[in-house]
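Spelled out from the first residue to the last, the chains are:
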Amino acid sequence: MVKPKIKINIKICLACGGCISICPQDALSMISSKAYLEDEKCINCGICIKTCPIGAIKEDKK
Amino acid sequence: MEYDAVVVGGGPAGSVTARFAAESGVKVIILERRTEIGVPVLCGEGISQRVDKWNMLEGTRWIASKMDGAKIFSPDGTMVSLSKEMAGNETGYVVYRDIFDQELARRAARSGADIMLNTEVTGLIKTNGKITGIKARRFDEQFEINANIIVGADGVESKIGKWAGINTVLKPYDLETCAQYTLTNIDYNSNYCEFYIGKKLAPGGYIWIFPKGENTFNVGIGVLASLSDSSLPLKLLNKFISNHNELKNGKSIRLLAGAVPVAKPVETVRDNLLLVGDAARHADSITGGGLTTSLQGGKIAGETIGKAVESHRFDKETLSIYETKWKAVFGTKLIRDYIVKEIMLDFDDKTLNMLADSLKDYKFEEFSTLSLVKALVLKHPTLLMRLKPLLKLTDKSLKKA
(Lines give C-alpha, C1' and ligand atoms only; values in the text may rest on other atoms or scores of the structure.)
Protein backbone atom coordinates (compact mmCIF):
# COMPACT_ATOMS: atom_id res chain seq x y z
CA MET A 1 0.00 0.00 0.00
CA VAL A 2 1.23 3.48 -0.92
CA LYS A 3 1.66 5.72 2.08
CA PRO A 4 -1.00 8.45 1.85
CA LYS A 5 0.44 11.88 1.29
CA ILE A 6 -2.66 13.92 1.99
CA LYS A 7 -3.47 15.36 5.37
CA ILE A 8 -6.53 17.28 6.56
CA ASN A 9 -6.04 19.86 9.28
CA ILE A 10 -9.35 19.64 11.13
CA LYS A 11 -8.46 22.74 13.12
CA ILE A 12 -8.76 24.69 9.85
CA CYS A 13 -11.62 22.76 8.15
CA LEU A 14 -14.92 24.70 8.06
CA ALA A 15 -16.97 21.75 6.77
CA CYS A 16 -17.98 23.20 3.39
CA GLY A 17 -18.01 19.72 1.86
CA GLY A 18 -16.32 20.74 -1.41
CA CYS A 19 -13.53 18.17 -1.15
CA ILE A 20 -16.04 15.39 -0.45
CA SER A 21 -18.09 16.28 -3.52
CA ILE A 22 -15.16 16.14 -5.98
CA CYS A 23 -13.16 13.17 -4.60
CA PRO A 24 -13.08 10.64 -7.48
CA GLN A 25 -12.41 7.80 -5.03
CA ASP A 26 -15.18 8.61 -2.54
CA ALA A 27 -12.41 8.60 0.07
CA LEU A 28 -13.68 11.66 1.93
CA SER A 29 -16.65 11.95 4.30
CA MET A 30 -18.04 14.37 6.85
CA ILE A 31 -17.45 12.95 10.33
CA SER A 32 -18.36 15.10 13.34
CA SER A 33 -18.72 18.05 10.95
CA LYS A 34 -15.13 17.85 9.70
CA ALA A 35 -13.76 16.39 6.48
CA TYR A 36 -12.33 12.91 7.10
CA LEU A 37 -10.05 10.97 4.74
CA GLU A 38 -10.06 7.19 4.49
CA ASP A 39 -6.36 6.64 3.74
CA GLU A 40 -6.84 3.22 2.14
CA LYS A 41 -9.15 4.63 -0.56
CA CYS A 42 -6.98 7.69 -1.34
CA ILE A 43 -4.89 7.67 -4.56
CA ASN A 44 -3.12 10.98 -3.77
CA CYS A 45 -4.50 12.75 -6.84
CA GLY A 46 -4.48 16.05 -4.92
CA ILE A 47 -7.77 17.39 -6.30
CA CYS A 48 -9.00 18.02 -2.74
CA ILE A 49 -5.91 20.10 -1.93
CA LYS A 50 -6.60 22.44 -4.84
CA THR A 51 -10.31 22.59 -4.04
CA CYS A 52 -10.11 23.62 -0.37
CA PRO A 53 -10.99 27.35 -0.28
CA ILE A 54 -9.11 27.97 2.97
CA GLY A 55 -6.11 25.63 2.73
CA ALA A 56 -7.12 22.99 5.27
CA ILE A 57 -5.82 20.12 3.11
CA LYS A 58 -2.10 19.82 2.49
CA GLU A 59 0.45 17.39 1.21
CA ASP A 60 1.92 15.53 4.18
CA LYS A 61 5.65 16.10 3.71
CA LYS A 62 6.73 13.86 6.60
CA MET B 1 -37.72 2.90 14.52
CA GLU B 2 -40.17 2.87 11.63
CA TYR B 3 -41.10 5.75 9.32
CA ASP B 4 -42.69 6.04 5.90
CA ALA B 5 -39.89 8.40 4.84
CA VAL B 6 -36.50 9.48 6.17
CA VAL B 7 -35.12 12.83 4.96
CA VAL B 8 -31.34 13.03 5.33
CA GLY B 9 -30.44 16.70 5.79
CA GLY B 10 -32.29 19.59 7.40
CA GLY B 11 -31.47 22.35 4.92
CA PRO B 12 -34.18 24.08 2.87
CA ALA B 13 -34.71 21.19 0.42
CA GLY B 14 -35.00 18.63 3.23
CA SER B 15 -37.34 20.67 5.41
CA VAL B 16 -39.67 21.57 2.54
CA THR B 17 -39.75 17.94 1.37
CA ALA B 18 -40.60 16.79 4.91
CA ARG B 19 -43.25 19.47 5.34
CA PHE B 20 -45.18 18.63 2.18
CA ALA B 21 -44.83 14.90 2.82
CA ALA B 22 -46.17 15.36 6.36
CA GLU B 23 -49.05 17.46 5.06
CA SER B 24 -50.01 14.54 2.80
CA GLY B 25 -50.20 12.31 5.87
CA VAL B 26 -46.73 10.76 5.64
CA LYS B 27 -44.87 9.73 8.81
CA VAL B 28 -41.56 11.44 8.19
CA ILE B 29 -38.36 12.32 10.07
CA ILE B 30 -35.55 14.75 9.22
CA LEU B 31 -32.05 13.68 10.25
CA GLU B 32 -29.56 16.55 10.56
CA ARG B 33 -25.85 16.04 11.24
CA ARG B 34 -25.38 19.51 12.73
CA THR B 35 -26.41 20.47 16.25
CA GLU B 36 -28.49 23.44 15.11
CA ILE B 37 -30.60 23.74 11.97
CA GLY B 38 -29.09 26.32 9.62
CA VAL B 39 -25.82 26.73 11.56
CA PRO B 40 -23.14 27.18 10.39
CA VAL B 41 -24.50 29.08 7.42
CA LEU B 42 -22.96 27.90 4.12
CA CYS B 43 -24.30 30.46 1.67
CA GLY B 44 -24.19 33.95 0.15
CA GLU B 45 -27.76 34.36 1.45
CA GLY B 46 -29.42 35.72 -1.68
CA ILE B 47 -32.86 34.59 -2.89
CA SER B 48 -35.26 35.77 -5.59
CA GLN B 49 -38.35 37.67 -4.44
CA ARG B 50 -40.40 35.08 -6.35
CA VAL B 51 -40.38 33.25 -3.02
CA ASP B 52 -43.16 35.65 -1.88
CA LYS B 53 -45.67 33.79 -4.05
CA TRP B 54 -44.98 30.34 -2.67
CA ASN B 55 -46.32 30.48 0.88
CA MET B 56 -43.24 28.70 2.24
CA LEU B 57 -42.07 31.25 4.82
CA GLU B 58 -44.11 33.19 7.36
CA GLY B 59 -43.34 36.64 8.70
CA THR B 60 -40.27 38.63 7.78
CA ARG B 61 -37.70 37.68 10.44
CA TRP B 62 -35.67 35.76 7.85
CA ILE B 63 -35.27 38.84 5.62
CA ALA B 64 -32.15 40.94 6.24
CA SER B 65 -32.79 43.40 3.41
CA LYS B 66 -34.76 43.85 0.23
CA MET B 67 -32.84 44.53 -2.98
CA ASP B 68 -33.76 47.07 -5.64
CA GLY B 69 -31.54 45.51 -8.25
CA ALA B 70 -28.07 44.36 -9.13
CA LYS B 71 -24.87 45.97 -10.36
CA ILE B 72 -22.42 43.91 -12.35
CA PHE B 73 -18.85 45.16 -12.73
CA SER B 74 -16.65 44.00 -15.61
CA PRO B 75 -12.88 43.54 -15.12
CA ASP B 76 -12.13 47.18 -16.09
CA GLY B 77 -14.83 48.44 -13.72
CA THR B 78 -17.58 49.14 -16.29
CA MET B 79 -20.92 48.85 -14.51
CA VAL B 80 -24.06 47.25 -15.90
CA SER B 81 -27.01 48.10 -13.68
CA LEU B 82 -30.17 46.01 -13.51
CA SER B 83 -32.78 47.96 -11.62
CA LYS B 84 -36.01 46.57 -10.21
CA GLU B 85 -38.04 47.96 -13.12
CA MET B 86 -35.72 46.15 -15.52
CA ALA B 87 -35.23 42.88 -13.72
CA GLY B 88 -38.86 42.56 -12.57
CA ASN B 89 -39.46 39.97 -9.89
CA GLU B 90 -35.96 38.61 -10.39
CA THR B 91 -34.61 41.05 -7.79
CA GLY B 92 -33.94 39.50 -4.47
CA TYR B 93 -33.80 39.43 -0.72
CA VAL B 94 -30.68 39.03 1.34
CA VAL B 95 -31.69 36.60 4.07
CA TYR B 96 -30.45 35.37 7.43
CA ARG B 97 -29.94 31.75 6.37
CA ASP B 98 -29.93 30.44 9.95
CA ILE B 99 -33.39 31.95 10.63
CA PHE B 100 -34.54 31.07 7.09
CA ASP B 101 -33.65 27.39 7.55
CA GLN B 102 -35.14 27.24 11.04
CA GLU B 103 -38.36 28.81 9.78
CA LEU B 104 -38.67 26.06 7.13
CA ALA B 105 -37.89 23.37 9.73
CA ARG B 106 -40.49 24.89 12.06
CA ARG B 107 -43.12 24.62 9.32
CA ALA B 108 -42.12 20.98 8.75
CA ALA B 109 -42.41 20.26 12.48
CA ARG B 110 -45.78 22.00 12.71
CA SER B 111 -47.03 19.81 9.86
CA GLY B 112 -46.04 16.73 11.84
CA ALA B 113 -42.47 15.94 10.76
CA ASP B 114 -40.03 14.70 13.41
CA ILE B 115 -36.52 16.19 13.58
CA MET B 116 -33.42 14.55 15.03
CA LEU B 117 -30.26 16.65 15.34
CA ASN B 118 -26.62 15.67 15.80
CA THR B 119 -27.33 12.54 13.75
CA GLU B 120 -24.92 11.26 11.12
CA VAL B 121 -26.28 8.82 8.58
CA THR B 122 -23.59 6.21 7.97
CA GLY B 123 -25.19 4.00 5.33
CA LEU B 124 -28.27 2.59 3.64
CA ILE B 125 -29.88 -0.66 4.75
CA LYS B 126 -30.53 -2.94 1.80
CA THR B 127 -32.65 -6.08 2.03
CA ASN B 128 -32.35 -8.36 -1.01
CA GLY B 129 -30.92 -5.40 -2.93
CA LYS B 130 -33.84 -3.17 -2.00
CA ILE B 131 -33.33 -0.02 0.10
CA THR B 132 -35.27 -0.49 3.34
CA GLY B 133 -33.79 2.09 5.69
CA ILE B 134 -30.70 3.89 6.98
CA LYS B 135 -27.99 3.34 9.58
CA ALA B 136 -27.16 6.30 11.78
CA ARG B 137 -25.02 7.45 14.68
CA ARG B 138 -26.05 9.91 17.38
CA PHE B 139 -23.76 10.70 20.33
CA ASP B 140 -22.29 7.25 21.07
CA GLU B 141 -25.36 5.36 19.92
CA GLN B 142 -25.66 3.47 16.62
CA PHE B 143 -29.15 2.71 15.38
CA GLU B 144 -31.27 1.93 12.34
CA ILE B 145 -34.46 3.41 10.96
CA ASN B 146 -36.64 1.37 8.63
CA ALA B 147 -38.45 3.35 5.95
CA ASN B 148 -39.99 2.88 2.52
CA ILE B 149 -38.50 6.09 1.14
CA ILE B 150 -35.10 7.69 1.74
CA VAL B 151 -34.59 11.30 0.64
CA GLY B 152 -31.03 12.52 0.04
CA ALA B 153 -31.14 16.19 1.05
CA ASP B 154 -27.56 15.98 2.24
CA GLY B 155 -26.14 18.87 0.26
CA VAL B 156 -23.13 19.27 -1.99
CA GLU B 157 -21.22 16.50 -0.15
CA SER B 158 -24.15 14.07 -0.62
CA LYS B 159 -23.49 10.40 0.06
CA ILE B 160 -27.05 9.09 -0.27
CA GLY B 161 -27.01 9.14 -4.07
CA LYS B 162 -23.60 7.45 -4.21
CA TRP B 163 -24.74 4.69 -1.85
CA ALA B 164 -27.74 4.09 -4.13
CA GLY B 165 -25.50 3.79 -7.19
CA ILE B 166 -26.04 7.28 -8.66
CA ASN B 167 -22.80 8.93 -9.77
CA THR B 168 -22.88 12.31 -8.04
CA VAL B 169 -19.10 12.91 -8.03
CA LEU B 170 -18.50 16.45 -9.29
CA LYS B 171 -15.76 17.33 -11.75
CA PRO B 172 -13.64 20.28 -10.51
CA TYR B 173 -15.04 22.04 -13.60
CA ASP B 174 -18.50 21.74 -12.00
CA LEU B 175 -17.80 23.07 -8.51
CA GLU B 176 -17.42 26.61 -7.21
CA THR B 177 -15.22 26.75 -4.14
CA CYS B 178 -16.18 29.69 -1.96
CA ALA B 179 -15.27 31.87 1.01
CA GLN B 180 -17.28 34.67 2.53
CA TYR B 181 -16.93 37.30 5.24
CA THR B 182 -19.75 39.13 6.89
CA LEU B 183 -18.30 42.60 7.37
CA THR B 184 -19.78 45.22 9.63
CA ASN B 185 -18.97 48.80 10.61
CA ILE B 186 -18.98 49.80 6.95
CA ASP B 187 -19.74 53.45 6.42
CA TYR B 188 -22.01 52.86 3.46
CA ASN B 189 -25.41 51.37 2.73
CA SER B 190 -26.95 50.07 -0.47
CA ASN B 191 -29.99 48.27 -1.81
CA TYR B 192 -28.11 46.77 -4.73
CA CYS B 193 -26.33 43.43 -4.87
CA GLU B 194 -22.96 43.86 -6.53
CA PHE B 195 -21.13 41.30 -8.64
CA TYR B 196 -17.53 41.58 -9.82
CA ILE B 197 -16.26 39.37 -12.62
CA GLY B 198 -12.83 38.81 -14.13
CA LYS B 199 -10.22 36.10 -14.61
CA LYS B 200 -7.77 37.66 -12.15
CA LEU B 201 -10.40 38.66 -9.59
CA ALA B 202 -12.27 35.34 -9.36
CA PRO B 203 -11.26 32.73 -11.98
CA GLY B 204 -14.39 31.01 -13.33
CA GLY B 205 -16.61 32.67 -10.73
CA TYR B 206 -17.31 36.06 -9.21
CA ILE B 207 -17.06 38.20 -6.10
CA TRP B 208 -20.33 39.33 -4.51
CA ILE B 209 -21.26 42.12 -2.11
CA PHE B 210 -24.71 41.59 -0.60
CA PRO B 211 -26.01 44.29 1.75
CA LYS B 212 -27.62 42.99 4.94
CA GLY B 213 -28.59 46.41 6.33
CA GLU B 214 -27.19 48.12 9.45
CA ASN B 215 -23.85 48.80 7.73
CA THR B 216 -23.29 45.06 7.35
CA PHE B 217 -22.45 43.19 4.13
CA ASN B 218 -21.78 39.64 2.98
CA VAL B 219 -18.65 39.80 0.86
CA GLY B 220 -17.79 36.51 -0.77
CA ILE B 221 -16.05 34.79 -3.64
CA GLY B 222 -16.59 31.70 -5.76
CA VAL B 223 -13.72 30.25 -7.81
CA LEU B 224 -14.17 27.35 -10.21
CA ALA B 225 -12.35 24.44 -8.57
CA SER B 226 -10.59 23.51 -11.84
CA LEU B 227 -9.04 27.00 -11.90
CA SER B 228 -8.38 27.20 -8.16
CA ASP B 229 -5.56 26.25 -5.87
CA SER B 230 -5.19 25.61 -2.15
CA SER B 231 -6.71 28.60 -0.24
CA LEU B 232 -6.89 30.72 -3.43
CA PRO B 233 -10.51 31.86 -2.83
CA LEU B 234 -9.65 33.23 0.61
CA LYS B 235 -6.48 34.94 -0.67
CA LEU B 236 -8.31 36.57 -3.60
CA LEU B 237 -11.15 37.68 -1.32
CA ASN B 238 -8.73 39.26 1.16
CA LYS B 239 -7.02 41.05 -1.71
CA PHE B 240 -10.32 42.36 -3.09
CA ILE B 241 -11.41 43.69 0.30
CA SER B 242 -8.10 45.42 1.02
CA ASN B 243 -8.27 47.13 -2.41
CA HIS B 244 -11.90 48.19 -2.00
CA ASN B 245 -12.27 51.58 -0.29
CA GLU B 246 -15.74 51.01 1.13
CA LEU B 247 -14.86 47.61 2.55
CA LYS B 248 -11.28 47.74 3.73
CA ASN B 249 -12.07 49.20 7.15
CA GLY B 250 -14.92 46.75 7.81
CA LYS B 251 -14.73 44.36 10.74
CA SER B 252 -15.41 40.71 10.14
CA ILE B 253 -18.11 39.12 12.31
CA ARG B 254 -18.29 35.85 10.40
CA LEU B 255 -16.12 33.77 8.06
CA LEU B 256 -17.43 30.81 6.19
CA ALA B 257 -16.30 28.38 3.53
CA GLY B 258 -18.68 27.01 0.95
CA ALA B 259 -18.97 24.72 -2.04
CA VAL B 260 -21.59 25.11 -4.76
CA PRO B 261 -22.36 22.58 -7.48
CA VAL B 262 -22.50 24.25 -10.92
CA ALA B 263 -23.24 21.00 -12.69
CA LYS B 264 -25.98 19.43 -14.78
CA PRO B 265 -28.64 17.84 -12.57
CA VAL B 266 -28.15 14.14 -11.84
CA GLU B 267 -30.61 11.26 -11.94
CA THR B 268 -32.81 12.01 -8.92
CA VAL B 269 -34.96 8.91 -8.50
CA ARG B 270 -34.34 5.24 -7.76
CA ASP B 271 -36.55 2.59 -6.19
CA ASN B 272 -37.26 3.85 -2.63
CA LEU B 273 -35.04 6.91 -3.07
CA LEU B 274 -35.12 10.60 -4.08
CA LEU B 275 -32.47 13.31 -4.24
CA VAL B 276 -33.34 17.00 -3.66
CA GLY B 277 -31.53 20.36 -3.51
CA ASP B 278 -27.75 20.53 -3.85
CA ALA B 279 -27.61 16.72 -3.51
CA ALA B 280 -29.56 16.60 -6.80
CA ARG B 281 -27.22 19.30 -8.22
CA HIS B 282 -30.21 21.65 -8.47
CA ALA B 283 -28.17 24.86 -8.23
CA ASP B 284 -27.99 27.39 -11.06
CA SER B 285 -24.71 27.16 -12.99
CA ILE B 286 -24.43 30.90 -13.65
CA THR B 287 -25.31 32.37 -10.26
CA GLY B 288 -24.71 29.35 -8.01
CA GLY B 289 -28.11 30.07 -6.46
CA GLY B 290 -29.92 26.99 -5.17
CA LEU B 291 -32.56 28.21 -2.74
CA THR B 292 -35.49 28.65 -5.13
CA THR B 293 -34.97 25.27 -6.79
CA SER B 294 -34.61 23.64 -3.36
CA LEU B 295 -37.98 25.05 -2.30
CA GLN B 296 -39.71 24.21 -5.58
CA GLY B 297 -38.12 20.77 -5.83
CA GLY B 298 -38.75 20.01 -2.15
CA LYS B 299 -42.45 20.74 -2.51
CA ILE B 300 -42.73 18.45 -5.54
CA ALA B 301 -40.74 15.72 -3.74
CA GLY B 302 -42.94 15.96 -0.61
CA GLU B 303 -46.16 15.74 -2.62
CA THR B 304 -44.79 12.82 -4.66
CA ILE B 305 -43.93 10.97 -1.44
CA GLY B 306 -47.49 11.62 -0.25
CA LYS B 307 -48.91 9.94 -3.34
CA ALA B 308 -46.43 7.05 -3.07
CA VAL B 309 -47.39 6.34 0.55
CA GLU B 310 -51.08 6.60 -0.28
CA SER B 311 -50.79 4.06 -3.10
CA HIS B 312 -48.19 2.05 -1.17
CA ARG B 313 -45.89 2.03 -4.21
CA PHE B 314 -42.27 3.07 -3.73
CA ASP B 315 -40.70 1.94 -7.01
CA LYS B 316 -38.75 4.21 -9.35
CA GLU B 317 -41.67 4.50 -11.75
CA THR B 318 -44.01 5.88 -9.06
CA LEU B 319 -41.39 8.27 -7.67
CA SER B 320 -40.49 9.48 -11.18
CA ILE B 321 -43.43 11.90 -10.99
CA TYR B 322 -40.98 14.00 -8.96
CA GLU B 323 -38.34 14.01 -11.70
CA THR B 324 -40.85 14.72 -14.47
CA LYS B 325 -42.30 17.65 -12.52
CA TRP B 326 -39.04 19.33 -11.45
CA LYS B 327 -37.79 19.05 -15.02
CA ALA B 328 -40.93 20.85 -16.17
CA VAL B 329 -40.62 23.58 -13.53
CA PHE B 330 -36.89 24.38 -13.62
CA GLY B 331 -35.03 21.61 -15.48
CA THR B 332 -34.81 23.47 -18.80
CA LYS B 333 -33.39 26.56 -17.10
CA LEU B 334 -30.76 24.51 -15.23
CA ILE B 335 -29.55 22.93 -18.47
CA ARG B 336 -29.62 26.23 -20.39
CA ASP B 337 -27.67 28.02 -17.65
CA TYR B 338 -25.12 25.19 -17.60
CA ILE B 339 -24.53 25.74 -21.32
CA VAL B 340 -24.26 29.51 -20.76
CA LYS B 341 -21.70 28.83 -18.01
CA GLU B 342 -19.59 26.83 -20.47
CA ILE B 343 -19.77 29.58 -23.09
CA MET B 344 -18.97 32.36 -20.60
CA LEU B 345 -15.95 30.48 -19.27
CA ASP B 346 -14.35 30.93 -22.70
CA PHE B 347 -14.68 34.72 -22.50
CA ASP B 348 -11.46 36.53 -21.71
CA ASP B 349 -11.47 39.77 -19.71
CA LYS B 350 -11.34 41.85 -22.90
CA THR B 351 -14.56 40.25 -24.15
CA LEU B 352 -16.26 40.80 -20.80
CA ASN B 353 -15.24 44.47 -20.90
CA MET B 354 -16.62 44.93 -24.41
CA LEU B 355 -19.81 43.17 -23.39
CA ALA B 356 -20.25 45.44 -20.35
CA ASP B 357 -19.50 48.52 -22.43
CA SER B 358 -22.21 47.51 -24.93
CA LEU B 359 -24.74 46.78 -22.21
CA LYS B 360 -24.15 49.64 -19.80
CA ASP B 361 -26.78 51.83 -21.47
CA TYR B 362 -28.98 49.02 -22.74
CA LYS B 363 -32.62 49.16 -21.65
CA PHE B 364 -33.33 45.70 -20.34
CA GLU B 365 -37.07 46.30 -20.12
CA GLU B 366 -37.16 46.32 -23.92
CA PHE B 367 -35.20 43.10 -24.04
CA SER B 368 -35.31 41.21 -27.30
CA THR B 369 -32.62 39.37 -29.20
CA LEU B 370 -32.81 41.90 -32.00
CA SER B 371 -32.40 44.96 -29.78
CA LEU B 372 -29.56 43.23 -27.95
CA VAL B 373 -27.78 42.46 -31.22
CA LYS B 374 -28.22 46.10 -32.28
CA ALA B 375 -26.69 47.30 -29.01
CA LEU B 376 -23.72 45.02 -29.51
CA VAL B 377 -23.17 45.72 -33.20
CA LEU B 378 -23.23 49.48 -32.70
CA LYS B 379 -20.46 49.46 -30.13
CA HIS B 380 -18.35 46.35 -30.61
CA PRO B 381 -19.08 44.45 -33.83
CA THR B 382 -16.39 41.86 -33.06
CA LEU B 383 -18.41 40.74 -30.05
CA LEU B 384 -21.01 39.18 -32.29
CA MET B 385 -18.75 36.30 -33.27
CA ARG B 386 -17.97 35.50 -29.65
CA LEU B 387 -21.61 35.69 -28.64
CA LYS B 388 -22.99 33.59 -31.45
CA PRO B 389 -23.54 30.50 -29.31
CA LEU B 390 -25.30 32.59 -26.65
CA LEU B 391 -27.61 34.28 -29.12
CA LYS B 392 -28.53 30.95 -30.68
CA LEU B 393 -29.54 29.79 -27.24
CA THR B 394 -31.63 32.91 -26.66
CA ASP B 395 -33.41 32.38 -29.97
CA LYS B 396 -34.22 28.81 -29.06
CA SER B 397 -35.53 29.66 -25.60
CA LEU B 398 -37.51 32.60 -27.00
CA LYS B 399 -39.19 30.38 -29.56
CA LYS B 400 -40.05 27.93 -26.80
CA ALA B 401 -41.54 30.71 -24.64
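Residues numbered from 1 in each chain as written. Chains lettered and ligands numbered in written order. Predicted model: local features only at pLDDT ≥ 70, side-chain atom pairs only at ≥ 80, totals over all residues.

A. Representation of the overall build of chain A. When helices and strands are counted, chain A shows two helices and four strands. Put simply, chain A runs from its N terminus to its C terminus through helices and strands in the order β-α-β-β-α-β. For 62 residues, the compact-globule formula gives about 11 Å, and the C-alpha radius of gyration of chain A, at 10 Å, lands near that figure. A principal-axis box enclosing the C-alpha atoms of chain A has dimensions of 30 × 25 × 20 Å. Per-residue burial for chain A yields a buried fraction of 40% across its 62 residues. Here the analysis covers contacts within chain A between residues at least 6 apart in sequence; of these, 58% occur between residues at least 24 apart. (Helix = DSSP H or I, 4+ residues; strand = E, 2+ residues; numbered from the N terminus. Rg over C-alpha atoms; globule rule 2.2 N^0.38 Å. Buried ≥ 20, exposed ≤ 12 C-beta atoms within 10 Å, placed from the backbone. Contact = placed C-beta atoms within 7 Å.)

B. The sheet that holds strand 3 (residues 46-48) of chain B, seen in detail. Residue and element names in this part refer to chain B. The strand order across the open sheet built from three strands is 3-7-4, with neighbouring strands paired in antiparallel fashion. Each end of this open sheet is capped by a strand with a single partner; those strands are strand 3 and strand 4 (63-66). Neighbour to neighbour, the strand axes of the sheet diverge by 35° on average, direction disregarded. Of the strand pairs in this sheet, strand 4 and strand 7 (residues 92-95) are connected by three bridges, and their pairing is antiparallel. (Pairing = 2+ DSSP bridges. Axes fitted to C-alpha atoms, helices over the stretch in contact; angles between N-to-C directions.)

C. Spotlight on the nonpolar core. Residue and element names in this part refer to chain B. Counting residues in each nonpolar core, the largest one holds 129 residues, and the members touching the most others are Ala-5, Val-6, Ile-150 and Val-151. Sorting elements by how many residues they give to this core places helix 6 (residues 291-311) first, with seven residues. Setting aside its immediate chain neighbours within four residues, Val-151 contacts Ala-5, Val-6, Val-7, Val-8, Gly-14, Thr-17, Leu-274, Val-276 and Ala-301. (Core = buried A, V, L, I, M, F, W, Y, C linked by C-beta atoms within 7 Å.)

D. Structural context of the domain arrangement of chain B. Residue and element names in this part refer to chain B. Under the domain assignment, chain B is made up of domain 1 (2-64 + 95-169 + 265-339), domain 2 (172-261) and domain 3 (345-400). Of note, the centres of domain 2 and domain 3, computed from C-alpha atoms alone, are 27 Å apart. Tallied by class, residues from the side of domain 2 that touches domain 3 come to one nonpolar, two polar and one charged. (Domains from an automatic or database assignment. Nonpolar A, V, L, I, M, F, W, Y, C, P; charged D, E, K, R; others polar.)

E. Structural view of the environment of Gly-69 of chain B. Inspection of the secondary structure puts Gly-69 of chain B in strand 5 (residues 69-73). C-alpha of Gly-69 of chain B to C-alpha of Asp-174 of chain B: the two residues are 105 residues apart in sequence and 27 Å apart in space.

F. Summary view of helix 8 (residues 349-359) of chain B. All of the buried residues in helix 8 of chain B are Leu-352, Met-354, Leu-355, Ser-358 and Leu-359 of chain B. One side of helix 8 of chain B carries all its buried residues, which in axial view fall inside an arc of 160°. (Arc of directions from axis to C-beta.)

G. Seen up close, the pairing of strand 9 (residues 119-127) of chain B. Residue and element names in this part refer to chain B. Looking at chain direction, strand 9 and strand 10 (residues 130-138) are connected through eight bridges and run antiparallel. Looking at the pairing, Gly-123 lines up with Lys-135 of strand 10. Counted along the chain from strand 9 to the antiparallel partner strand 10, the turn is two residues long, and its residue Asn-128 has a positive phi close to 50°.

H. Representation of the interface of chain B and chain A. Counting residues at the interface gives 27 residues for chain B, matched by 20 residues for chain A. Counting residues per element, the ones that place at least two in the side of chain B that touches chain A are strand 12 (175-184), helix 5 (232-242) and strand 16 (251-261) of chain B. Here the element with the most residues in the side of chain B that touches chain A is strand 16 of chain B; it accounts for five residues. Looking at the side of chain B that touches chain A, its residues break down into 15 nonpolar, six polar and six charged.

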